[in-house]
Amino acid sequence: MGPGRLSMPQMIIANRLRDGAVVFLAPGEGWELAIAAGTVIESGEEATRLFAVAKRHESECRVIDPTLIDVEIKDGTPRPTAIREAIRAFGPTVRTDLTEV
Amino acid sequence: MYRYDEFDERFVHERVAQFRRQVKRRIGGELTEDQFRPLRLMNGLYLQLHAYMLRINVPYGTLSSKQMRKFAFIARNYDKNFGHFTTRQNIQYNWIKLEETPDILQHLADVEVTGIQSSGNCVRNITADQYAGRALDELADPRVYCELLRQYSFLHPEFSYLPRKFKIAVTGSPNDRAAVAVHDIGMRMHKNEQGELGFEVLVGGGLGRTPYIGQTIRKWLAPEHLLSYVEAILRVYNMQGRRDNINKARIKIIVNQMGIDKFRELVDKEWELTKDGALKVPDEEVARINAYFAPPQYETLADETASLAKLRAGDKVFDRWMRGNVIEHKVPGYAIVNVSLKAAGKAPGDITADQMDAVADLADRYSMGEIRVSHRQNLVLVDVKQAEIHELYRALVALELATPNLGLLTDIICCPGLDFCGLANARSIPIAQDISRAFTDLDELQKIGQFTINISGCMNACGHHHVGHIGILGVDKRNEEFFQLTLGGSSDQHASLGDRLGPGLPQAEVPTAIRKIVDKYLVVREHGERFLDTYRRVGLEPFKSAVYGAESQAA
Amino acid sequence: MALIKNGELVESPFVDVSGASEIPVAGSVIVSLEQWQAQRTALLARGTPLGIRLRSDQSPELVAAELPHFALVALEFPKFRDGRAYSYARLLRERYGFKGELRAVGDVLLEQLLFMLRTGFDAFELTSDDPLRDYRIALADFSVWYQPAADGRPTAMQLRHRKG
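In what follows, the accompanying structure is described. Worth saying up front: this structure is predicted, and the values here are computed from it rather than measured.

1. With respect to the interface of chain B and chain C
Reasoning step 1: Between chain B and chain C, the contact holds 47 residues from the first and 36 residues from the second.
Reasoning step 2: Both sides together, the interface formed by chain B and chain C hides about 3800 Å², and carbon and sulfur atoms give 57% of it.
Reasoning step 3: Of all residues in chain B, F7, P157 and Y161 of chain B bury the most surface against chain C, accounting for 20% of the area lost on that side.
Reasoning step 4: For the pair chain B and chain C, the interface holds 13 salt bridges.
Reasoning step 5: R21 of chain B is the salt-bridge partner of D141 of chain C, the closest N and O atoms lying 2.8 Å from each other.
Reasoning step 6: Summed over the shared surface of chain B and chain C, the number is 27 residue pairs in polar contact (both at pLDDT 80 or more).
Reasoning step 7: Within the residue set of the side of chain B that touches chain C, elements represented by two or more residues are α1 (6-27), α2 (33-41), α5 (143-153), α6 (226-240), α8 (260-272) and α9 (283-292) of chain B.
Reasoning step 8: For the side of chain B that touches chain C, the leading source of residues is α1 of chain B, giving eleven residues.
Reasoning step 9: Residue composition of the side of chain B that touches chain C, grouped by class: 19 nonpolar, nine polar and 19 charged.

2. Quick notes on the interface of chain A and chain B
Accessible area lost when the parts come together is the quantity often used to give the size of an interface.
Reasoning step 1: Across the boundary between the two partners, chain A contributes 23 residues, which contact 29 residues of chain B.
Reasoning step 2: Both sides together, the interface formed by chain A and chain B hides about 2200 Å², and carbon and sulfur atoms give 60% of it.
Reasoning step 3: The salt bridge partner of E99 of chain B is R18 of chain A, with a shortest N-O separation of 2.8 Å.
Reasoning step 4: Here chain A and chain B share eight residue pairs in polar contact (both at pLDDT 80 or more) between them.
Reasoning step 5: At four residues, helix α2 (residues 83-90) of chain A tops the list of elements feeding residues into the side of chain A that touches chain B.
Reasoning step 6: Of the residues contributing to the side of chain A that touches chain B, the split by class is eleven nonpolar, five polar and seven charged.

Cut-offs and rules
- Residues numbered from 1 in each chain as written.
- Chains lettered and ligands numbered in written order.
- Predicted model: local features only at pLDDT ≥ 70, side-chain atom pairs only at ≥ 80, totals over all residues.
- Heavy atoms only, no water.
- Contact = heavy atoms within 4.5 Å.
- Buried area = accessible area lost by both parts, 1.4 Å probe.
- Salt bridge = Lys/Arg side-chain N within 4 Å of Asp/Glu carboxyl O.
- Polar contact = N/O pair within 3.5 Å; in protein donor to acceptor, adjacent residues only side chain to side chain.
- Helix = DSSP H or I, 4+ residues; strand = E, 2+ residues; numbered from the N terminus.
- Nonpolar A, V, L, I, M, F, W, Y, C, P; charged D, E, K, R; others polar.

As structure tokens, then:
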């Protein structure tokens, strides 16, 4: 991907190995449960760099299958644009009593 | 029901220890995810949208109250207080942690329950008729053979890395409630001309991307050859099944590619060499297992239909419930009671931990401590005294487990869908909820009559949409959820695959479409025939125009 | 690559030339099916023990009649998930009566070893930091087996009814 500004902001999502929880790559290269605490990526260069970090964490058996996803910022909070990723971030739409965050 | 002996006990505990080791190696980095994935799948552990999902077998749908209580315990202590019963008579938990899974499996092993081979490219849970051993229309109880197959298939060294998953179902009744025609191997028990009990063997059925109805590979198989014949089929499949394309790897693909006659030839050639060998099933083992499935000690009771009729006359809802949810039992004075997991607005097949414990108590109190799981995602209590039905009913009502819709429009089969499953294209549960909320009038449901709606969130068809009278399939169109309807499917002994009705509909239009189909059916049907029969008589067109055509535009 | 045979770490007397363009004139070699078919006479004339290596899409049926010429058959697991060789191994042992070395090669790992042992393999090119340790771990995993296989281990069914 090119180094310049992305058409849409992105984040990196993964599942934690030990408990399977959905996590987002966050500032300081840790992983956070809450999407609001994750790093919003604005440039292609940053995306490449942080994705490499995520892949390293995968080989270190911390997370599984890190992916770059598109997000939009709504009321100051990032929200995945794809339904699937939104469900991963916010929980099942049918059991709202189970929603984390 | 079957009880583990020393061998079974030792086996499951050794299996848990092995998996504990495998988890440790994974977390410690000795195994990559690629190397670990089949190992965890063969213990029932998936990685899904929110966490790991654990699938636990209920072998041929038979469960004890003790095991059900353990399911509740797992839900409370390791998950979010509920579980989901599936179309393969399994239970699934959605928020499992990898590092806790060995402990969970240990708890389950302690009550003779496992997740062994509930997933993976191996032989899966052997499923059967939920009324096995009790239904009036049954020829023989298939469960002894299911148990033989279960043990035979567990950690079979030759068949643990098949091209793809392998599903077997067995029915002991000519009225097929186990959907055998859409399994990789389906077996129908019946008698040959000499009056001997055996199996008609079907092969190559299956749903998913390319659905097929199974074809008869053998008209009658003697029970002593059950294992050697299955082994011959599995061996041909293991060696010849495609490994180049995951979507073309099921046995149904090679059976249909080469034709059933050629496939039979290959299997028979293999079987000729093994049929009288070590896999011949000894009578002693059949007798040993059969003893566990011996009918319980029934009391000699009078038939209570008359007194029940009085109660029904005074209580319309009870009457409706009895009509659909209570089935005639082999033994006078007893009945088979269906426990509905299809309350309006709820996710089909879901059950809370509290409900699980309550059902376990009810099973002990009213049904000899045994519970059955139906592939239609309901539970069954198979040995209820007629005299106690009303009391049981009241208890079920209080638990929201008495929805009087068994076999009716809102007795919907529904996969977990995009709310839970990483494979899905669309959310299936909201569709089921919308439909069940739109059709709550009992009179209307009764008038509409026998109906199956099956909903799948993707092509993998875990919701069996191909074989629903109405099938609903979730598809993804540019990040929007659309739903394709099919009509005329059936999973019984006259199995058929549904026909595509038309282009996909957005979520909001699905309940309306169902309403239009139902309305058209009520206009067109003759002599009160079922929807399925109307469809088979008049075809797609009337329904197509009702939903998409001039009629729908005018409305 | 470590070779475990009959539970011990050994040096293979065979040289695997199945991927080579030239076969050495002397020494025990393992050849591919294609090499065997092309140079059968010459290979037999060498007079040293011969091995054959089959890919996962090459059923042993192709060489069943020729097995007396081979001291060794190597079966490939190109990926550990490709389970065809388990059937091939059983056929070699139970159908064709092959008594020589049956060697698992390719993606051969601890967690599949017991299945390999049960289906008739007796030698393993094991990918591992400590192959002997892995071998012993695998062997000890289970003491109950439900189905008859090439290893002759008694099944639960057989043991249950032995008492008569």
